[in-house]
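The lines below spell out each chain.
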Amino acid sequence: MRTTLSSFAPTLATALMALCGVASAAPQAPAAQGLTVVRDAETGELRAPTATELRALRASAATTTGEAPAQPQAVTGTRGESSAVLGERGLVYGVVKRGADGKLDHHCVDGAHTAARILDQSAPAAQGASRHDHH
Amino acid sequence: MTIIERHAGFAAGACPGRLGHLARIAAIALLAVAAFATIGGARAATIHIINENAPGVGFNDPTPALPVGGNPGTTLGEQRLHAFRFAADVWASHLVSTVPIRIGAAFLPLDCNASGAVLGAAGAYQVVANFPAAPINGTWYPTALAGKLAGVDFAAPGDPHIIARFNSRLGLFADCVPGLTFYLGLDRKAGSQIDLVATLLHEIAHGLGFQTFTDDGTGAFLLGRPSIWDFNLVDNRRERLWVMMTETERVASATTWRGLSWNGWHVTRSTPSVLSPASVLTIGGENAGAAAGEYAVGDASFGPAIRNAPVSAQLMPVVDQLNGNGLACSPLSATNALAVRGNIALVDRGSCDYVVKARNVQAAGALGMIVADSAAGEVAGMPGLDASIAIPSARITRADGWALKLALQNRSFNRSGVVARLQSDPVRLAGTDARRRMLMYTPGVNAPGSSVSHFTTEATRNLLMEPSINSDLRYVLMPPRDLTLPLLWDLGW
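Here the structure is a predicted model, which is why all the values come from computation and not from measurement.

Caption draft 1: The arrangement of the overall build of chain B in detail. Per the secondary structure count, chain B includes ten helices and 20 strands. Principal-axis analysis of the C-alpha atoms gives chain B an extent of 80 × 55 × 35 Å. Evaluated residue by residue, chain B yields a buried proportion of 59% over its 493 residues. Long-range contacts, defined as pairs at least 24 residues apart, comprise 69% of the intrachain contacts of chain B with a sequence gap of at least 6.

This is the structure we're talking about:
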């Protein structure tokens, strides 16, 4: 198997599929280290993930489980560039909230937790967040 | 643009589990062919949508649907895919890159309850620094932009440059804002529904780079490096670039209303062709007292523009609630009609659309309408359409509304001694600083992800990259309608 950064990703899709298969008994549970396997793109065998693969898996899994995103790590690529997978950390969330008067307020915020906090608020608008009526 | 089917099992609780080797190989092969076919092709960028939904859900939802608003899909999944493709095509036609842009997309059950929902989320999947041909070293670029600048795809094959998730349950279940659904038409006729195409255009922009990777709550750079975004931000009170400031200074500027401007050349040169003169409310008169002065206002999408219909008259409140507020959601009583006739009506936000309030005070003879917000925050505009409305309207903050009501306490049936003047600023544009640089959204209380990474809500006309999707947006990204594309040009697109 190729181990350079640029050649890792072909394994990601298959790794995720393998992850789903392994975790099928508890599909909502975050992937725990030690229980995670990836399918090698070249051999087809299941094996433990490399550190880079594990980071990518966690970042991807966080987008579907609501798990807090992993802190990104900088890695050096084959051309000398630095890169960091943000996964869910890079997402900007659009949220809509219907106020007591029936009107809609829009918010555009960073992170799943901020979005969830807006939804949990009983007030029609979160202080500090933008408030635009939908109509 | 190419639709790539990659069933990676991203639907919550719906891992495909038993996809065979052949299917996996075919999915990866499809991706490779699509990318190869576009390299060296047309000048415009190519955007691949990677369908990450499992069979039967999301983009693959087989629920029958009637074609709507130019969307020819006959299932819910097909219509979602058509809308996504439409939005991606709009973006692809405006970007130039030899590296195809991959958007990993899925409709998933995102957070929601009976009164609110996460509509969707998007952003850059990866950032890159110190790459060959990087305009500024030691600086994070979203991976799609880095690829365009270097002519090299820094994402691993199959990895997305942008990830995008949208709520598959919105309006379709009793516990997910029942009745409020995505409008899947392509004709901007969403009405009271959520325009999916406009939402997609906004979210894809974030993924292309319309965001900072610096923490706007702490001021800390991501892994010690600034984002290319940060080089274009300037604290307009001190004329200092964000990248030159301390973390504490960045936090302060991110929470100073009207304190942070976009310094990029493309946006600044385009503001006069996109934005209208700023509207301003001036309060004076013998009873104005401490309320005298200038107030920031949000413009209305209905009625005449204030620059075309300036007005000056006594300010009189509508009072139709037990707490002293005035909603003006129904025809005014004789007392309220007497108060506002020939004057400017002050009403409160809430309970009905702004155009309803405007119709009612206009019918009573008001010359203009000022709406005081019902929630804390900064000024914002008032959406709505009604060709019958002939009086100008403006929206002020709740705090400013309270100040005006205080000054209006000593009044007769039809006179207050408080004079309101609605007119346009001869210099400032609606949404810019005094140098006509675009203001960024910086509410007094930090709104993570909303602050700094959006245009101000004061912009008139409404812009795609304000913190919310306004109903009067067109699917246009560039002047004279919008400033989104000039901002991406400033980043290097």
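Caption draft 2: Spatial organisation of the domain arrangement of chain B. Residue and element names in this part refer to chain B. Splitting chain B by domain gives domain 1 (2-208), domain 2 (228-273 + 438-491) and domain 3 (276-429). The straight-line distance from the C-alpha centre of domain 2 to that of domain 3 is 28 Å. Counting from both sides, the interface comprises twelve residues of domain 2 and, opposite them, twelve residues of domain 3. Each residue belonging to the side of domain 2 that touches domain 3 can be placed in one class, and the counts come to three nonpolar, six polar and three charged.

Caption draft 3: How the structure looks around the packing of helix α2 (residues 76-92) of chain B against helix α4 (residues 196-208) of chain B. All names here are of chain B. Between α2 and α4, the shortest axis-to-axis distance is 9 Å and the interhelical angle comes to 50°. In terms of axis orientation, α2 runs oblique to α4. For the pair α2 and α4, the sense of crossing is right-handed. Here α2 contributes Ala-83, Phe-84, Phe-86, Ala-87, Ala-88, Val-90 and Trp-91 to the contact with α4, which in turn contributes Leu-196, Val-197, Leu-200, Leu-201 and Ile-204.

Caption draft 4: Main features of the environment of Asp61(B). All names here are of chain B. By the secondary structure assignment, Asp-61 is in the loop between β2 (47-51) and α2. Distance from Asp-61 to Ala-288, taken between C-alpha atoms, is 60 Å for residues 227 residues apart in sequence. Residue contacts for Asp-61: discarding those within four places in its chain leaves Thr-75, Leu-76 and Gly-77.

Caption draft 5: A look at the confidence of the model for chain B. All names here are of chain B. For chain B, mean pLDDT is 89; residues scoring 70 or higher make up 90% of the total. Per-residue pLDDT stays below 50 along residues 4-42; that stretch engages in 78 contacts with residues further than four places along the chain or on separate chains. The ipTM assigned to the predicted complex is 0.79, against a pTM of 0.77.

Caption draft 6: Up close: the sheet that holds strand β6 (residues 141-142) of chain B. Within the open sheet, the four strands sit side by side as β3(A)-β4(A)-β5(B)-β6(B). Their pairing is antiparallel. At either margin of the open sheet sits one strand with a lone partner, and together these are β3 (74-76) of chain A together with β6 of chain B. Bridging between strand β5 (residues 126-129) of chain B and β6(B) involves two bridges; their strand directions are antiparallel. Residue pairing in the sheet places Val127(B) in a bridge with Pro142(B) of β6(B).

Caption draft 7: Expanded view of the nonpolar core. Residue and element names in this part refer to chain B. With 115 residues, the main nonpolar core has Ala-87, Ile-103, Ile-162 and Ile-204 as its most contacted residues. With sequence-adjacent residues up to four places away left out, Ala-87 is seen in contact with Val-197, Leu-200, Leu-201 and Ile-204. Formed by 46 residues, the second largest nonpolar core is a distinct cluster that contains Leu-315, Leu-327, Leu-346 and Tyr-354.

Caption draft 8: Here's a closer look at the pairing of strand β5 (residues 92-98) of chain A. Burial runs high along β5(A): six of the seven residues are buried. Two strands pair when backbone bridges link them, and β5(A) and strand β4 (residues 116-124) of chain B are joined in this way by six bridges, in the antiparallel orientation. Bridged to Tyr93(A) within β4(B) is Ala121(B). Bridging between β5(A) and strand β6 (residues 104-110) of chain A involves seven bridges; their strand directions are antiparallel. Bridging from a neighbouring strand, Lys97(A) pairs with Asp105(A) of β6(A).

Caption draft 9: The arrangement of the pairing of strand β4 (residues 82-85) of chain A in detail. Summarising the sheet, β3(A) and β4(A) pair through three bridges and their orientation is antiparallel. Looking across to β4(A), one finds that Ala74(A) is bridged to Ala84(A). In textbook terms, the turn of a hairpin is the stretch between consecutive antiparallel strands, and for β3(A) and β4(A) this stretch comprises five residues, one of which, Gly80(A), has a positive phi near 90°. Relative to β5(B), β4(A) runs antiparallel, the two being bridged by four bridges. Along β5(B), the bridge assignment pairs Ala84(A) with Val127(B).

Caption draft 10: Representation of the sheet that holds strand β17 (residues 344-348) of chain B. All names here are of chain B. On the basis of which strands lie adjacent, the open sheet formed by eight strands has the order β14-β13-β20-β16-β17-β18-β19-β15 and mixed pairing. Bordering the open sheet on either side are β14 (293-296) and β15 (298-299), each of which pairs with just one other strand. Alignment of β17 against strand β18 (residues 368-372), held across five bridges, turns out to be parallel. Following the sheet pairing, Ile-344 is matched in β18 by Gly-368.

Caption draft 11: Layout of the confidence of the model for chain A. Residue and element names in this part refer to chain A. Taken residue by residue, chain A gives an average pLDDT of 55. The fraction at 70 or more is 37%. Ranking the elements of chain A by mean pLDDT puts helix α1 (residues 5-8) last, at 28, and β4 first, at 97. Within the model, pLDDT remains below 50 along residues 1-40, and this stretch shows 99 contacts once partners closer than five positions in the same chain are excluded. Taken as a whole, residues 43-68 scores under 50 in pLDDT and shows 60 contacts with residues more than four places along the chain or in a different chain.

Caption draft 12: Spatial organisation of unusual backbone geometry. All names here are of chain B. For the bond running from Thr-460 to Arg-461, omega is 15°, close enough to zero to count as cis. Mapped onto the elements of the fold, Arg-461 is located in the loop between β20 (419-429) and α10 (484-491). The omega torsion of the bond from Pro-479 to Pro-480 falls at 5°, within 30 degrees of zero and hence cis. Looking at the secondary structure, you find Pro-480 in the loop between β20 and α10. The backbone phi angle of Ala-328 is positive, close to 55°, even though this residue is not glycine. Position of Ala-328 among the secondary structure elements: in the loop between β16 (311-317) and α7 (334-340).

Caption draft 13: Expanded view of α4(B). In a regular helix each residue adds 1.5 Å, so 13 residues correspond to 18 Å; α4(B) covers 18 Å between its end C-alpha atoms and thus fits that length. Gly209(B), located one to two residues past α4(B), shows a positive phi value of around 135°.

Caption draft 14: Spatial organisation of α2(B). Under the 1.5 Å per step criterion, the end-to-end length of α2(B) is 24 Å for 17 residues, consistent within 8% with the ideal 24 Å. Burial of α2(B) is extensive: 14 of the 17 residues sit out of reach of the surface.

What counts and what doesn't
- Residues numbered from 1 in each chain as written.
- Chains lettered and ligands numbered in written order.
- Predicted model: local features only at pLDDT ≥ 70, side-chain atom pairs only at ≥ 80, totals over all residues.
- Helix = DSSP H or I, 4+ residues; strand = E, 2+ residues; numbered from the N terminus.
- Buried ≥ 20, exposed ≤ 12 C-beta atoms within 10 Å, placed from the backbone.
- Contact = placed C-beta atoms within 7 Å.
- Domains from an automatic or database assignment.
- Nonpolar A, V, L, I, M, F, W, Y, C, P; charged D, E, K, R; others polar.
- Axes fitted to C-alpha atoms, helices over the stretch in contact; angles between N-to-C directions.
- Parallel < 35°, antiparallel > 145°, perpendicular 65-115°, else oblique.
- Left-handed = near helix turned anticlockwise from the far one by under 90°.
- pLDDT = per-residue confidence, 0-100.
- Pairing = 2+ DSSP bridges.
- Core = buried A, V, L, I, M, F, W, Y, C linked by C-beta atoms within 7 Å.
- Expected span 1.5 Å × (residues − 1).

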